[in-house]
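What follows is each chain in one-letter form.
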Amino acid sequence: MRIYLLLLFYLFFSIINCSAQTLVTVSGIVKNTATKKPLPFVNMVLATAKDSVFVSGTITNENGRFSLTKIQPGNYTLTISSLGFATKKQSLFVGTLSEYLDIKPIELTENLVELNEVTVTSRTSNAVDKMDKKTFSVASNLTQTGGSVLQALQNLPGVTVQDGKVQLRGSDKITVLIDGKQTALTGFGSQTGLDNIPASAIEKIEIVNNPSAKYEANGSAGSINIVYKKNQQNGLHGKVALTTGLGSLWVRQTNLPTITPQYTSTPKINPHASLNYKHNRFNFFFQGDYLYTETLNKNEFVTRTYQTDNTIRSQLKRNRNTNFTTFKSGVDVTLNQHNTLTISALFGSEKIIDRGDQPFFDAQLEQRKRLWQFLEDELKTTVMTTANYLHHFQQAGHLLKMGVNYTFHREDEKYFYNNYLPATNGTDAFKLLSDERVYDATIDYTKPLTYGRLELGLKYRSRNIPTNMQFLPGTNSVIDANAGGAATYQERIPAIYGNYLFENNRWEAELGLRIEKVTIRYYVQPNHPVYKSDGYEYTQPFPNMRLAYKINQHNKLTLLYTRRVDRPNEVDIRIFPKYDDAEIIKVGNPALQPQFTHSFELGHKSSWTKGSLYSALYHKIANGTITRIAGTVPPSNLIYAVFQNVNQSYLTGIEMVWAQKISASYAFNFNLNAYQNTLAAFSVENKYPSTHTYTATEQHFISGNIKFNHFLQLSKQINTQLSLIYLAPDIIPQGSIQSRFSLDIGLKKSIQHGKGEIVANATDLFNTLMIKKQINGQGFRYTSSDYAETQVIRVGYHYKW
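Below, the structure is looked at part by part. Starting from 1, residues in each chain are numbered consecutively following that chain's sequence as written. Per-residue local features of the predicted model are confined to residues with pLDDT of at least 70, and side-chain atom pairs are confined, for both listing and counting, to 80 or more; whole-chain, interface and lining totals are unaffected and use all residues. The basis for the side-chain values is all heavy atoms of the structure; hydrogens and waters are excluded.

1. With respect to the environment of Phe708
Which entries qualify depends on this criterion: Counting from the N terminus, the helices are the DSSP runs of H or I reaching at least four residues and the strands are the DSSP runs of E reaching at least two. Here the term buried applies to any residue with accessible area under 20% of the maximum for its type, exposed to any over 50%, and partly exposed to those in between, with areas from a 1.4 Å probe on protein chains only. Here a residue-residue contact requires only that any non-hydrogen atoms of the pair lie within 4.5 Å.
Counting through the fold element by element, Phe708 comes out in strand S38 (residues 699-713). Given the relative accessible area of 27%, Phe708 is considered partly exposed. Separated by 175 residues in sequence, Phe708 and Ser533 place their C-alpha atoms 50 Å apart. Sequence-distant contacts of Phe708, defined by excluding residues within four places in its chain, comprise Phe668, Asn669, Phe670, Leu722, Ser723 and Leu724.

2. Some words on the pattern of salt bridges
Defined as follows: Here, a salt bridge means any Lys or Arg side-chain nitrogen found within 4 Å of an Asp or Glu carboxyl oxygen.
This model, assessed by the stated rule, comprises 36 salt bridges. Across the salt bridge formed by Lys550 and Glu503, the nearest N and O atoms sit 2.0 Å from each other. Remark: Glu503 occurs in strand S25 (residues 485-503) and Lys550 occurs in strand S27 (residues 534-552); sequence separation between them is 47 residues. Side by side, Lys550 and Glu503 carry an identical accessibility label, which is buried. The salt bridge partner of Arg546 is Glu510, with a shortest N-O separation of 3.3 Å. Here Arg546, found in strand S27, pairs with Glu510, found in strand S26 (residues 507-524); they are 36 residues apart in sequence, far enough to count as distant. Take Arg546 and Glu510: they sit in the same class, and that class is buried. Connected through shared salt-bridge partners, Glu503, Glu508, Glu510, Arg546, Lys550 and Lys556 make up one network.

3. Describing the sheet that holds strand S15 (residues 222-228)
Backbone hydrogen bonds hold the strands of a sheet together, and the pairing may be parallel or antiparallel. As a reminder, the rule being used: Strand pairing requires that DSSP identify at least two bridges connecting the strands. A fitted line through C-alpha atoms serves as each axis, taken over the contacting stretch for helices, and the angle formed by two N-to-C directions is quoted from 0 to 180°.
Taken together, 4 strands build an open sheet; the order of strands is S10-S14-S15-S13 and the sheet is mixed. Each end of this open sheet is capped by a strand with a single partner; those strands are strand S10 (133-137) and strand S13 (174-178). Between one strand axis and the next, the sheet turns by 15 degrees as a mean value, whatever way the strands run. As paired elements, S10 and strand S14 (residues 202-208) share 5 bridges and run antiparallel to each other. The residue of S14 that forms the bridge with Ser137 is Lys204.

4. Describing the sheet that holds strand S33 (residues 639-645)
The mixed open sheet is built from 3 strands, whose spatial order is S29-S33-S32. Two strands bound the open sheet, and with one partner strand each, they are strand S29 (584-587) and strand S32 (626-632). On average, each strand axis in the sheet is tilted by 30 degrees relative to the strand beside it, whichever way the strands run.

5. Observations concerning the pairing of S13
Among the 5 residues of S13, 5 are classified as buried, and the element is accordingly described as predominantly covered. Neither face of S13 is left uncovered, since the one carrying Ile174, Val176 and Ile178 and the one carrying Thr175 and Leu177 both have all their residues buried. Two strands pair when backbone bridges link them, and S13 and S15 are joined in this way by 5 bridges, in the parallel orientation. Residue pairing for S15: Leu177 is matched across the bridge by Asn225.

6. So, a nonpolar patch on the surface
Which entries qualify depends on this criterion: Any residue with relative accessible area above 30% and no salt bridge may belong to a patch, with like charges joined within 9 Å and the nonpolar Val, Leu, Ile, Met, Phe, Trp and Tyr side chains within 5 Å. Here the open area of atoms and residues is found with the Shrake-Rupley method and a 1.4 Å probe, where only the protein chains shown may cover a residue.
Side chains of Leu236, Val240, Leu275, Tyr277, Phe282, Phe284, Phe286, Phe327, Phe347, Val383 and Trp801 sit close together on the surface and give an oily, nonpolar patch of about 930 Å² of accessible area. For the nonpolar patch, the secondary-structure elements that each account for two or more residues are strand S16 (235-247), strand S17 (266-279) and strand S18 (282-306). The dominant element in the nonpolar patch, judged by the number of residues it contributes, is S18, at 3 residues. By the element assignment, Phe327 lies in strand S19 (residues 311-336). Exposure remark for Phe327: the relative accessible area of 39% places this residue in the partly exposed category.

7. Points about the pairing of strand S6 (residues 88-94)
In terms of burial, S6 is a largely internal element, 6 of the 7 residues being buried. Note that strand S5 (residues 74-81) and S6 share 7 bridges and pair antiparallel. In the sheet register, Thr79 faces S6, and the bridge partner there is Lys89. The antiparallel hairpin formed by S5 and S6 contains 6 residues in its connecting segment, where Gly84 sits at a positive phi of about 90 degrees.

The following block contains the structure:
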């Protein structure tokens, strides 16, 4: 019945949807019919088919080739004429699937009458227009200017943020890319670091819900591509900016007794500078960002009840100081008309200091049973170097790209604990050092066709992560010192892909296949008390299919299918217990296997003069679902949370994005995402600290979110944005999270003849985005309310030249 209602809801809203046209390059070659030789200096004139209005014109070069750029999708008449040859006219259809259209060779006959009309079709593609890819300008997101990439993602359609991770359509199984590549800054397997990348460094964000075979197969929920700023204009250009702000403007929940104060009025500062100098064959670029924040990162109040009816009340408070620095620099070298070489380097340094308290009391808050105080000192350093070669064939859009990429990422982490009990005090510490080295090599080939394009490619990745954990037990130690030592993660992935796209007046099709051979090895020291060396390997196909039918010029139906994988990341199988919560110990699982997912989607998009609507009905089936399972191991009350594969899960939902321009000064977009999450019954075996079994019955939950963005132009120089976000209750591992909502506002004023900008914004203005959870684990249950910082007010100044 729920699925039926969702389907009716989808069909109701499908009568309205979303489309945006972009520009296409039409190219080809003109030859002599008799000699088959190219004809130079032939006149090419493009006009609309309906009323013969001139659109574009050019002449062929000395090789007989021509290009007509910036052509909008539609039906046209192409007129070809040259002195001594019969003039020729042919119909031309430009679609919405490919950025380049290469028409069949055109032949002119000497001294003959005009030939009969010939019909030629092709298509165009744009990130904004494609149903499986949505592009958003970061500069247009006024409510998050001066924040992090994670904050910039919060009010984008289909995106939610939960526990510091981005979710697409209710799933956090996402691949995050920077300039089309996976990096250690954002994670090779699972997303990391998005809260510390300044949004000021980013030009745009691309969201792909159903990636084609051209993309890596990892990430069943889709991919997010973060595109850094880069200027290509001649001369010297640049931008400087400074944004500052305050968060946690007031205390939402008073601390439990006997702990240090929580952060309030937390400062933020984000200076930014970018420079670009282009002269002749060289284009030099540089970008530098610094982000300093103080944050009330965690402020969770928990009531935990065990099977013995013993109730414990606690608070986990974490005051965080973060310093994040990034530099990106490089040069584009135009070797000649057809060849370009780009060499670039990126450096990132993320310094995090956490100071925390975790008191434990009885149910009446009359007796403190324990106080756990900690200091975390973590430094993450990333260096990435890239070399890319691009060859342009004579045919427009006919490309060969080759690239090599090296990434080094060091994680240097130190924890220091004080454990205060009624009768004794204890101290503990540990140090973790992890050096990740990744080598990538890629070859991508693109060939425009008369009715679409062909994409082929190869990729090879080698990834090594040696990790060393040293536990340093002190007085009255409570940590598991025997669980430390060394471990090494190794990953080898050769891959090959092919993708074919086709379009005519009524139909679009995209068929792709990616084949990956994956070998994962995780080496554990032989004397580890619980775990042993493990790994897996597979050679698997990952197909994708997209079939679209154009009902008319403004409406299109699309059916999509993809098969993708979620490989466990190194931190998911890392064998060392993590003590960032005194009584919830998180441990990896070297026996973890990949999760394979089938995704189906039925989409519809429609557009009209001042608006558009995009709607989709989607369904995902995941085998070997990866999730974290928590339980107690009697007689201890400690909770151990371990990643496991837990049978099948299903996700069925509907998404709608409605954009409308009401007047010259006001527009809005409305996003609705509703889905049902189902986790099948399962039984798993946790091995740490000793073998114990956990079972669960099938879980169902209907959830979703609503986002309503308003854009108002108060004057020619002043623009404002107001964003309303509602997140419905949702399922989480072994429990649920309650609903929450927020209001964000932003303002931008243009000054100095458009070269300068003053910006101001407020995120979660009324401090309502509180997270409440209910968990039912093995041997315990608990409820929690997290009053972590969500409210931030910022002001800034930008200047460009």
